[in-house]
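# A look at the structure
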Amino acid sequence: MSLRSGLALAGTAIALPVLLNRHGGETIPMDARARRDAPGSFVRLRRGTTHVMVDGPESGEPVLFVPGATLSLWVWDGLFERLARAGYRTIRFDRYGIGFSDRPDIDYDQALFEEQMIDLLEVLGVDRPVTLVALAFGGPIAAEFAVHHPERVAGVCLVSPDGFATPLNLGLRLSMLPGIGRPFFQLTGNRALKSRLPGYSRDPRVVARVQARLRPELRYRGFKRSLLSALGNVPIHGAEYLYRFLDTRDIPVQVVWGRQDPITPMPPDEVLRAVFSRAALRPLDGVGHLPHYERPDQTAAIILDFLHDAVADRSGQGRA
């Protein structure tokens, strides 16, 4: 082997891990090929393609599931089926940046997600008020949507909502620093995200289930860039003001929260009641971040009672 060939080979060996690190493991573009075997449908909205799945009877009252920061629409498995069987029209979607939806190179803020939800409902032809069921990071998004568009909302169910000093691990905190944050997160983000997974539940089966679904999605380009932008723009540490605004609206609100949730720890009961003075609070003892995974029947029953009583009274339509 010549000296030139040896240097070229060495250069390739050095450049490859550097390239991989630069992409942070995100080696697959989110395009038609990536979506080829994905379930559900894809609709073109103003900012890009959105992945959506609709179930239940067409005549059923619509329920729009708002996802969290990292887990895409599959996170509602086990809950949406029970609501659909009860006669509700369930709509699950991947917000921009996660799952099989596009990752436009823009700011991921409340206005973007509000626009996406409005566009999605219009494309789907939903002309009745919807009940928003939101998980964690989706809580502030759902609350702001309801405050801005009360005529479009029949009720809001918040599951383990962000907004009460949500804790972040060291890797995620460093990623929020100006200047170095974005390249640092590109390099270390996967590790930081995976390190949070054991906290989702004390049941190892739940953790394994979440790990198996999330890890493949970390390969798609734009995931960490969009996530970092969203974490910096959505008030995950201080959404109490939004929840207080929501509490003043004539919109039924329910809060379902596991008392043993270390991902978005439930604040003391007196704090929760001060923020949600009119809401139906349903804390669950011995439950972690995903109540509908740990206790699917109980969680579905709680939400169905809310839909049947408070929301049906507001909509004046009752269940299908």
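In this text, all values refer to a predicted model and were calculated from it rather than measured experimentally.

What counts and how
Residues numbered from 1 in each chain as written. Predicted model: local features only at pLDDT ≥ 70, side-chain atom pairs only at ≥ 80, totals over all residues. Heavy atoms only, no water. Axes fitted to C-alpha atoms, helices over the stretch in contact; angles between N-to-C directions. Helix = DSSP H or I, 4+ residues; strand = E, 2+ residues; numbered from the N terminus. Parallel < 35°, antiparallel > 145°, perpendicular 65-115°, else oblique. Left-handed = near helix turned anticlockwise from the far one by under 90°. Contact = heavy atoms within 4.5 Å. Nonpolar A, V, L, I, M, F, W, Y, C, P; charged D, E, K, R; others polar. Salt bridge = Lys/Arg side-chain N within 4 Å of Asp/Glu carboxyl O. Buried < 20%, exposed > 50% of the residue type's maximum accessible area, 1.4 Å probe, protein only. Pairing = 2+ DSSP bridges.

Attention now moves to the packing of helix 4 (residues 138-148) against helix 9 (residues 240-248). Running from N to C, helix 4 and helix 9 cross one another at 40°; their axes reach a closest spacing of 9 Å. The orientation of helix 4 relative to helix 9 falls into the category oblique. Here the hand of the crossing between helix 4 and helix 9 comes out left-handed. Of helix 9, the residues touching helix 4 (which contributes Gly-139, Pro-140, Ala-143, Glu-144, Ala-146 and Val-147) are Leu-242, Tyr-243, Phe-245 and Leu-246. Here the residues of the contact of helix 4 with helix 9 sort into eight nonpolar, one polar and one charged.

What follows covers the pattern of salt bridges. The tally for this structure, following the rule as stated, stands at 15 salt bridges. A salt bridge links Arg-46 to Glu-115, with the nearest nitrogen and oxygen atoms 3.8 Å apart. A residue pair is termed long-range when its members are at least 10 positions apart, and Arg-46 in the loop between strand 1 (41-45) and strand 2 (48-55) and Glu-115 in helix 3 (residues 110-123) qualify at 69 residues. By relative accessible area, Arg-46 is classed as exposed at 57%. Overall, the relative accessible area of 13% leaves Glu-115 in the buried class. Measuring nitrogen to oxygen at the nearest pair gives 3.0 Å for the salt bridge that ties Glu-115 to Arg-47. Of the two residues, Glu-115 is situated in helix 3 and Arg-47 in the loop between strand 1 and strand 2; the sequence distance between them amounts to 68 residues. Among the charged side chains, a network of salt bridges with common partners joins Arg-46, Arg-47, Glu-115 and Asp-119.

A few words now on the sheet that holds strand 4 (residues 89-93). Overall, mixed pairing links the eight strands, which are arranged 1-2-4-3-5-6-7-8 in an open sheet. Edge positions in the open sheet fall to strand 1 and strand 8 (280-284), since each of these has one partner strand only. Adjacent strand axes in the sheet meet at a mean angle of 20°, parallel and antiparallel pairs treated alike. Bridge count between strand 2 and strand 4: four bridges; the pairing is antiparallel. Residue pairing across strands places Val-54 opposite Ile-91, the latter belonging to strand 4. Strand contacts of helix 3: strand 1, strand 2, strand 3 (62-66), strand 4 and strand 5 (130-135), with the helix running at about 115° to strand 1, the strand carrying the most contacts. Packed onto the sheet, helix 4 meets strand 3, strand 5 and strand 6 (153-159) and runs at close to 155° relative to strand 5.

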